[in-house]
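Letter by letter, the chains look like this.
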Amino acid sequence: MNQADLQNESKTSIFRTIWCKPNKVASLNLIRLFGDCIQAASSRTKDYLLFRDPESKFHPSPSTLSEIFLMTYIQRSSQLNLTNIFNCTAMTPEQRILLGAHWVWAVLDHPSKNPRIQIAVQVFHLQEREEENLEELHLDVYSKIMHMAGMEVVNGTQAERMVGFCSSIGRDCYALFLFFGRKNDEGNIYGLLSNNLQAAVGKCVRIDQTFIEHFFKGAKCFVTPSGMLQALVGKEGDDPLTMLVKFT
Amino acid sequence: MDLYGKMATQDNKQKENADQNFDYMFKLLIIGNSSVGKTSFLFRYADDTFTSAFVSTVGIDFKVKTAYKNDKQIKLQIWDTAGQERYRTITTAYYRGAMGFILMYDITNEESFAAVQDWATQIKTYSWDNAQVILAANKCDMEEERIVSVDSGRLLAEQLGFEFFETSAKDNINVKQTFERLVDIICDKMSDTLEADPSVATGGPTSRLTDNPMPPQQSDCGC
């Protein structure tokens, strides 16, 4: 390598360093801030999950608990100016029925602000586990909407609709099923994140709360919410990825 | 507690959305590039509200609005589509059975105007032949930032065979008129089709008009 080549190589290296650094800093910043927001949202929700009315008359509804989590998250992420690089879109009631998601997180590309990675979130509650008719009610409303739209009604659970939505976008859209409390552990929040659940669709299994709970059987290792986001941001290629996350 | 009230309201709204009590049902779609103002346009028409905060639509959403024409109740199921390419698989699935489209661009955004032809091709590819289209040039309140002239918009609409409106969701210009005109031309098309081929007349007075490839027509199209 001659002198000129060495100089060029050196210059290229300097430029690479200059260009790369802000992205890495941005990613580290994003992961730290996201962890902070989740910490705030999870710990506040945990307080309410563990709440017991001494007279056993008042029980916060599942939707209230989801809203407490989301409100706390949104409030904290606004305070931290996180929304420019990582946004959170709460779904409308219609979108919740159509797409199965309660909200969608997105890592935004700069400067286009288009989503680069998305996480569609659906919340499961212990209380709802036994309520089969809730799923039927959702399916009934969904069927009526699709029928009015002159579209084919695909019978499926809310979870299956969200998995279908994610797979229609691609491997950079992940489904995250959050459990606000689990059997024998009512105060903690857990999650299953995957971009590969579509593989189970059409294989004689019904993807619902019970099916997803199976992933937690015997599980001892959980990643943190920051670890989860770090894995997604650092991931290259279209490989499948599934992980268990502990939010509290 | 407020939250309970809110959820109850949302539940009622969902029931209303699925309510089957109407004379006619038209499925409409709003399409166009991201950030041209599709969601704002729908909010202005359905709820008469406007917010300048930009929230990119995730996938697809819809609202139901009832319109009245010649004493007939026409239920409009209006689908608001995400403009971003990553949602194309999900949004084009909803083109099926649509009777009308509002194809929107932003007069301050050349790229959104240049994409109109591609959107028109998408309609041809995924929808049925008789779907009616109105080209809406949105954000006409932003005259100082205008890049696409009224004439360019009108000329393109003529070339594509679409009707044309300059609109502003912000200042409520031509929003209602665009929807009303779309309903009118859908009704006109239905009447023409009936006159040309009365054998297509099927269904009772409350039948829906959304099935593919040809929506079932009213036997007495008085709308």
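Structural notes, computed from the coordinates.

Reading guide: rules and limits
- Residues numbered from 1 in each chain as written.
- Chains lettered and ligands numbered in written order.
- Predicted model: local features only at pLDDT ≥ 70, side-chain atom pairs only at ≥ 80, totals over all residues.
- Heavy atoms only, no water.
- Helix = DSSP H or I, 4+ residues; strand = E, 2+ residues; numbered from the N terminus.
- Buried < 20%, exposed > 50% of the residue type's maximum accessible area, 1.4 Å probe, protein only.
- Contact = heavy atoms within 4.5 Å.
- Areas by Shrake-Rupley, 256 points an atom, 1.4 Å probe, with all protein chains shown as cover.
- Arc of directions from axis to C-beta.
- Pairing = 2+ DSSP bridges.
- Axes fitted to C-alpha atoms, helices over the stretch in contact; angles between N-to-C directions.

Across its full length, chain B holds 7 helices and 6 strands. Across chain B, helices and strands are ordered from the amino to the carboxyl terminus as α-β-α-β-β-α-β-α-α-β-α-β-α. Counting across all 223 residues of chain B, residues that qualify as buried make up 53%. Once local pairs closer than 6 in sequence are excluded, the contacts in chain B between residues at least 24 apart make up 72%. A total of about 10,200 Å² of accessible surface is found on chain B, and carbon and sulfur atoms cover 46% of it.

Bringing helix H5 (residues 116–126) of chain B into the picture now. All names here are of chain B. Burial in H5 covers these residues: Val116, Trp119, Ala120, Gln122 and Ile123. Seen end-on, H5 carries its buried residues on one side only, within an arc spanning 155°. Counted as exposed and oriented over 90 degrees from the buried face of H5: Asp118, Lys124 and Thr125.

Moving on, we come to unusual backbone geometry. Of note, the bond from histidine 110 of chain A into proline 111 of chain A is cis; its omega dihedral lies within 30 degrees of zero at 0°. Structurally, proline 111 of chain A can be placed in the loop between strand S2 (103–108) and strand S3 (115–125).

In this section: the sheet that holds strand S4 (residues 100–106) of chain B. Residue and element names in this part refer to chain B. One open sheet holds the 6 strands; their spatial order is S2-S3-S1-S4-S5-S6, and the pairing between them is mixed. Strands at the two margins of the open sheet, each flanked by one partner only, are strand S2 (60–69) and strand S6 (163–166). Between one strand and the next, the sheet's axes are offset by a mean angle of 25°, whatever the strand orientation. Taken together, the 5 bridges between strand S1 (residues 24–32) and S4 define a ladder with parallel strand orientation. Looking at the pairing, leucine 29 lines up with phenylalanine 101 of S4. Sitting on the sheet, H5 touches S1, S4 and strand S5 (132–138), and the angle it makes with S4 is about 165°.

On to the environment of threonine 49 of chain B. Residue and element names in this part refer to chain B. On the secondary structure map, threonine 49 appears in the loop between helix H2 (38–47) and S2. Put simply, threonine 49 and cysteine 187 are 138 residues apart on the chain and 28 Å apart in space, counted from C-alpha to C-alpha. What threonine 49 contacts, discounting residues up to four positions off in sequence, is Ser40, Phe43 and Arg44.

Residues and elements named next belong to chain A. Taken in spatial order, the 6 strands line up as S1-S2-S3-S4-S5-S6 in an open sheet, and their pairing is mixed. Because the sheet does not close on itself, it has two edges, and the strands there are strand S1 (86–90) and strand S6 (242–246). Taken pair by pair, the neighbouring strands of this sheet meet at an average axis angle of 20°, ignoring direction. Strand direction decides the pairing type here: strand S4 (residues 173–182) and strand S5 (residues 185–194), joined by 7 bridges, are antiparallel. For leucine 178, the partnering residue across the bridge sits in S5 and is glycine 191.

All names here are of chain A. Residue position: lysine 46 is located in helix H1 (residues 3–49). Overall, the relative accessible area of 28% leaves lysine 46 in the partly exposed class. Distance in space between the C-alpha atoms of lysine 46 and glutamate 186 is 9.0 Å, their sequence separation being 140 residues.

Right, let's get into the environment of isoleucine 31 of chain B. Its place among the elements puts isoleucine 31 of chain B in strand S1. Sequence separation of isoleucine 31 of chain B and threonine 81 of chain B is 50 residues, and the distance between their C-alpha atoms is 5.9 Å.

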